[in-house]
Amino acid sequence: MMKKIIYTVLVATISVSAFAQKSDGTTKSLVNAEKAFAEEAVKDGTKAAFNKYAASDALVFRPNPVNAKTFYATAPDMKNLNWAPTFARVSRSGNWGFTSGNYVVNGEKKAYGHYLSVWRVENGNWKFILDLGAETNKPLNKSTASFVEPKDHFIPKYTTDKELKAGREVILTTEKTLNTTLKSYGASAFAGFLNKDAQLMFPGTETIVGKENIQAFNNRMIDKISLKTTSADKALGGDLAYTFGVATIDYKTDLRESFHYVFIWERQSDGNWNIMSQIFTLAER
């Protein structure tokens, strides 16, 4: 009888663990996957957890971009990294999404910050493909959770490599236009490319929510900013996309710094693309 109970518990544990990454095309399933990811990082350590949840081509910014599995093959193992998603969206294709929230590293020396992760579905499981954090050096205020389900479901029956490339080119062209405008008008140019309820995660600050608040921050802090895009991709649903690259910022205090950034783009009803979320982290000097 005891052996049967132990066997049942083991099977249940394995089933829960296996189910944790499963995607059913909903934002809820993505949030559940990330919560399980965070729990496993505490229980089993960051090496095991990040290797399990990372796609083979996943990049982590530590601070410069590096393949996740390569990084965690030699990185020190940790069981004191805690995080939780407070913002999540999934494309109407159901196989692409992103999450963001706050993290804490406990220990003799604590660390705090924001993070943003981009995810895709592989063999029915959620795997992260990008993970970037921005340190704040102090605890962040608790944010109200915002987990929005896709408005409908759409995925093309047939998609050629040429069509996929054309989709990425649209996003790259949009960011190229943004960069050209930034060169002419400074950080105020973001106003024409931000969602009304966009969020900005920048080192040393609370999450800044809303286009007006982001613009107030930009106008107060930034003199000039230029972007050098590294890569872009678009969800098959045609509604969400990401770009990442390097941003060079000249502050109004005559200081220049380089940052890695990830932008999440959302297609608007008029066909234009606006930024939904932005995160910056200092590049290694």
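Throughout what follows, the structure given in this document is the object of discussion. Only a predicted model underlies this, so the values are computations on that prediction, with no experimental measurement involved.

What the chain contains, in helices and strands, is six helices and 13 strands. Against the globule reference of 19 Å for 285 residues, the chain gives a C-alpha radius of gyration of 20 Å, in line with a compact fold. With the C-alpha coordinates of the chain rotated into their principal frame, the extents come out at 75 × 55 × 35 Å. Across the 285 residues of the chain, 46% fall into the buried class. For the chain, restricting intrachain contacts to residue pairs at least 6 apart in sequence, the fraction spanning at least 24 positions comes to 60%. Put simply, the chain shows about 15000 Å² of open surface, and 54% of that area lies on carbon and sulfur atoms. Of the charged side chains in the chain, 36 are positive and 29 negative, and the gap between their average positions amounts to 3 Å.

This brings us to the environment of Ser146. Looking at the secondary structure, you find Ser146 in strand β7 (residues 146-148). It is 30 Å that separates the C-alpha atoms of Ser146 and Lys157, two residues lying eleven residues apart in sequence. For Ser146, the contacting residues outside a window of four places in its chain are Thr86, Phe87, Ala88 and Arg89.

Attention shifts here to empty space enclosed by the protein. On inspection of all chains with the given rule, the structure shows one cavity of 30 Å³ or more. Approximately 40 Å³ is the volume attributed to the largest cavity. For the largest cavity, the full set of lining residues is Phe190, Leu200, Phe202, Phe217, Asn218, Ile222, Ile225, Ile249, Gln278 and Phe280. Residue assignment for the lining of the largest cavity shows that the elements contributing at least two residues are α6 (211-221), β10 (222-234) and β13 (273-282). When its residues are assigned to classes, the lining of the largest cavity shows eight nonpolar, two polar and no charged.

Our focus in this paragraph is the packing of helix α2 (residues 27-44) against helix α3 (residues 46-53). Taken N-terminus to C-terminus, the directions of α2 and α3 make an angle of 150 degrees; their axes are 7 Å apart at the nearest point. Comparing their axes, α3 and α2 come out roughly antiparallel. Residues Ala33, Ala36, Phe37, Glu40, Ala41 and Asp44 of α2 lie in contact with α3, whose contacting residues are Thr46, Ala48, Ala49, Phe50, Lys52 and Tyr53. Within the contact of α2 with α3, the residues separate by chemical class into eight nonpolar, one polar and three charged.

Here we come to the pattern of salt bridges. Applying the stated criterion across every chain yields a total of eight salt bridges. Of the charged contacts, one joins Lys43 and Asp44 as a salt bridge, the two residues approaching to 3.2 Å between their closest N and O atoms. For Lys43, a relative accessible area of 61% corresponds to the exposed category. Residue Arg92 pairs with Asp152 through a salt bridge whose shortest N-O separation is 2.8 Å. Taken as a pair, Arg92 in the loop between β3 (81-90) and β4 (96-105) and Asp152 in the loop between β7 and α5 (161-185) lie far apart in primary sequence, 60 residues in all.

The next subject is the pairing of strand β1 (residues 54-61). Sheet topology note: the β1/strand β6 (residues 125-135) ladder contains three bridges and is parallel. Bridge pairing in β6 places Leu59 opposite Leu130. The pairing of β1 with strand β2 (residues 65-67) spans three bridges and is classified as antiparallel. Considered in β2, the bridge of Phe61 is made with Pro65. What sits between the antiparallel neighbours β1 and β2 is a turn of three residues.

This brings us to the nonpolar core. Membership of the largest hydrophobic core comes to 46 residues, with the highest contact counts inside it found for Phe37, Trp83, Leu116, Val118, Phe128, Tyr242 and Val262. Residues within four places of Phe37 in sequence aside, it is in contact with Ala49, Phe50, Tyr53, Trp83, Trp119 and Phe128. If you look at the next biggest cluster of nonpolar residues, it comprises 29 residues, including Leu182, Ile214, Tyr261 and Trp265.

Taken in spatial order, the seven strands line up as β2-β1-β6-β5-β4-β3-β7 in an open sheet, and their pairing is mixed. Edge strands, defined here as strands with exactly one partner in the open sheet, are β2 and β7. Sheet twist, expressed as the average angle between the axes of neighbouring strands with direction ignored, equals 25 degrees. Across nine bridges, the pairing between β3 and β4 is antiparallel. Paired with Ala88 across the two strands is Thr99, which belongs to β4. Sheet contacts for α3: β1, β3, β5 (111-122) and β6; angle to β6, the most-contacted strand, approximately 125 degrees.

The rules behind these values
Residues numbered from 1 in each chain as written. Predicted model: local features only at pLDDT ≥ 70, side-chain atom pairs only at ≥ 80, totals over all residues. Heavy atoms only, no water. Helix = DSSP H or I, 4+ residues; strand = E, 2+ residues; numbered from the N terminus. Rg over C-alpha atoms; globule rule 2.2 N^0.38 Å. Buried < 20%, exposed > 50% of the residue type's maximum accessible area, 1.4 Å probe, protein only. Contact = heavy atoms within 4.5 Å. Areas by Shrake-Rupley, 256 points an atom, 1.4 Å probe, with all protein chains shown as cover. Lys, Arg positive; Asp, Glu negative; His and termini not counted. Charge placed at Lys NZ, Arg CZ, Asp CG, Glu CD. 1 Å grid on protein atoms, 1.4 Å probe; cavity = no way out; pocket = protein on both sides within 12 Å on 5 of 7 lines; lining within 4 Å. Points joined across faces, edges and corners; volume = space filled by probe spheres on them. Nonpolar A, V, L, I, M, F, W, Y, C, P; charged D, E, K, R; others polar. Axes fitted to C-alpha atoms, helices over the stretch in contact; angles between N-to-C directions. Parallel < 35°, antiparallel > 145°, perpendicular 65-115°, else oblique. Salt bridge = Lys/Arg side-chain N within 4 Å of Asp/Glu carboxyl O. Pairing = 2+ DSSP bridges. Core = buried A, V, L, I, M, F, W, Y, C linked by side-chain atoms within 4.5 Å.

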